[in-house]
Amino acid sequence: MEHILYKDDDGPMVFHWNPATSEWAPILWDAWMHFRALRGDFRPLNGVKSGDHYFVVCIVDNDGTLYNILPHRYRLDADGRITDHYFDDLTEEERAFVSKWQVDRNVPRGADADKFDALRWRMWRGNLPPADAAGALIRNLPGFPATDANRPVLSFLREFGSIPSSRPSAAIH
């Protein structure tokens, strides 16, 4: 089955956690790409100030069912630029080890596979939003998969100790 990013009329979206309002705000894909400087010049996100910020990218199947959530965490400067994205407590040596396997695109084997998986897990955990953000996200997920235990999104949700039993009906704020 094909997986696509969650979309609105203008294309794929990400969501930004606003701790002041306890809400997830949608960010258009084009704005996200400029914020990350992946499409042309850098542009700051409206209303996103300096400090630590949490974002999630939703990936859905072609039928609209949520497949995965990719968490992002960034520290921003006063201009809204990313200054840090390493919240995993990895050493430079560990980060180089992970990077080598990601760049080579080979699958590590044996002890290297175990080490790679453990380090990637630490990296992933360092990007997870805080518990109060998780509750708001879980209540408002698009196309929540009610029963498919093989979906990576359930690993994301298990990290917060709460997996809803039915699909939420509200839209993300």
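That block above? That's the structure.
Note that the coordinates shown come from a computational prediction; the quantities given were computed from them, not determined experimentally. The residue numbers shown here count from 1 along each chain, following its written sequence. In view of the model being predicted, local features appear only for residues whose pLDDT reaches at least 70, and side-chain atom pairs are presented and counted only at 80 or more, with totals across whole chains, interfaces and linings using the full set of residues. As a rule here, side-chain values cover all heavy atoms of the structure and leave hydrogens and water aside.

1. With respect to the overall build of the protein
When helices and strands are counted, the protein shows five helices and seven strands. Working definition: helices are DSSP H or I runs of at least four residues, strands are E runs of at least two. Numbering for both runs from the N terminus. Ordered by position from N to C terminus, the α and β elements of the protein give β-β-β-β-α-β-β-β-α-α-α-α. The contact rule is simple, with two residues in contact once any of their heavy atoms fall within 4.5 Å. Sequence separation of at least 24 residues holds for 55% of the intrachain contacts in the protein that already meet a minimum separation of 6. Per-residue and other accessible areas were derived by the Shrake-Rupley procedure at a 1.4 Å probe size, with only the shown protein chains allowed to occlude residues. Of the accessible surface of the protein, which amounts to about 9,900 Å², a share of 47% is contributed by carbon and sulfur atoms.

2. A few points about the pattern of salt bridges
Salt bridges are defined as contacts in which a side-chain nitrogen from Lys or Arg sits within 4 Å of a carboxyl oxygen from Asp or Glu. Counted by the stated rule, this structure contains six salt bridges. Among the salt bridges present, the one from D30 reaches R39, with a minimum N-O distance of 2.9 Å. Taken together, the shared-partner salt bridges connect D52, R73, R75 and D84 into one network.

3. Observations regarding the side chain of H53
For H53, the location among the structural elements is in strand 5 (residues 51-61). We call two N or O atoms a polar contact when they sit within 3.5 Å, provided that within protein one can donate a hydrogen and the other can accept it, with sequence-adjacent residues counted only if both atoms are side-chain atoms. At a separation of 2.8 Å, a polar atom in the side chain of H53 contacts the side chain of H16. In contact with H53, other than residues within four places in its own chain, are H16, V48, H72, R73, Y74 and L76.

4. Remarks on the layout of surface pockets
Left-over empty space is what a probe sized like a water molecule reveals as it rolls over the atoms. Cavity means a closed set of points on a 1 Å grid over the protein atoms alone, one where a 1.4 Å probe fits but cannot get out, pocket means an open set with protein on both sides within 12 Å along at least 5 of 7 lines, and lining means a residue has an atom within 4 Å of a point. Grid points are joined across faces, edges and corners, and a volume is the space filled by probe spheres set on the points. For the largest pocket, the calculated volume is near 820 Å³. In this structure, the largest pocket is lined by 32 residues; those nearest its centre are Q102, R120, M123, W124 and N127. Every element with two or more residues in the lining of the largest pocket is listed here: strand 6 (66-76), helix 2 (92-104), helix 3 (110-125) and helix 5 (152-158). The element that contributes the greatest number of residues to the lining of the largest pocket is strand 6, accounting for seven residues. What the second largest pocket holds in volume is close to 260 Å³. The wall of the second largest pocket is formed by 17 residues, among which I27, L45, N46, G47 and V48 lie closest to the centre. Mapped by element, the contributors of at least two residues to the lining of the second largest pocket are strand 3 (11-18), strand 4 (23-28) and helix 1 (29-35). Nonpolar residues are Ala, Val, Leu, Ile, Met, Phe, Trp, Tyr, Cys and Pro. Charged residues are Asp, Glu, Lys and Arg, and all others, Gly as well, are polar. Residue composition of the lining of the second largest pocket, by class: eight nonpolar, six polar and three charged.

5. Describing the packing of aromatic side chains
Side-chain rings of Phe, Tyr and Trp (the six-membered ring for Trp) are treated as a pair once their centres are within 6.5 Å; stacked means planes under 30 degrees apart, edge-to-face means over 60, and tilted covers the remaining angles. Following the criterion strictly, the structure yields eight aromatic pairs and no others. With 6.1 Å between their ring centres and 70° between their planes, F35 and Y74 make a pair best called edge-to-face. Note that F35 is positioned in helix 1 and Y74 in strand 6, a separation of 39 residues in sequence. Residue F35 is classed as buried on the basis of its relative accessible area of 2%. Within the aromatic cluster, the residues linked to one another by ring pairs are W32, F35, F55 and Y74. One residue, K100, lies across the ring of W101, its end atom 4.2 Å from the ring centre. Relative accessibility decides the category of a residue: with a 1.4 Å probe and only protein chains considered, values under 20% of the type maximum give buried, values over 50% give exposed, and everything between is partly exposed. Counted as over-ring charges are cases with an Arg CZ or a Lys NZ within 6 Å of the ring centre that also lie within 35 degrees of the ring normal.

6. Quick notes on the nonpolar core
As used in this record, nonpolar core signifies buried Ala, Val, Leu, Ile, Met, Phe, Trp, Tyr and Cys residues forming a set joined through side-chain atoms within 4.5 Å. Within the largest apolar cluster, 19 residues are counted, with the highest numbers of intra-cluster contacts made by W24, V56, L66, I69, L137, F156 and L157. Broken down by secondary-structure element, the contributors of at least two residues to this core are strand 3, strand 5, strand 6, helix 4 (131-139) and helix 5. Judged by nonpolar contacts, the second largest core, of 13 residues, contains W32, F35, V57 and Y74.

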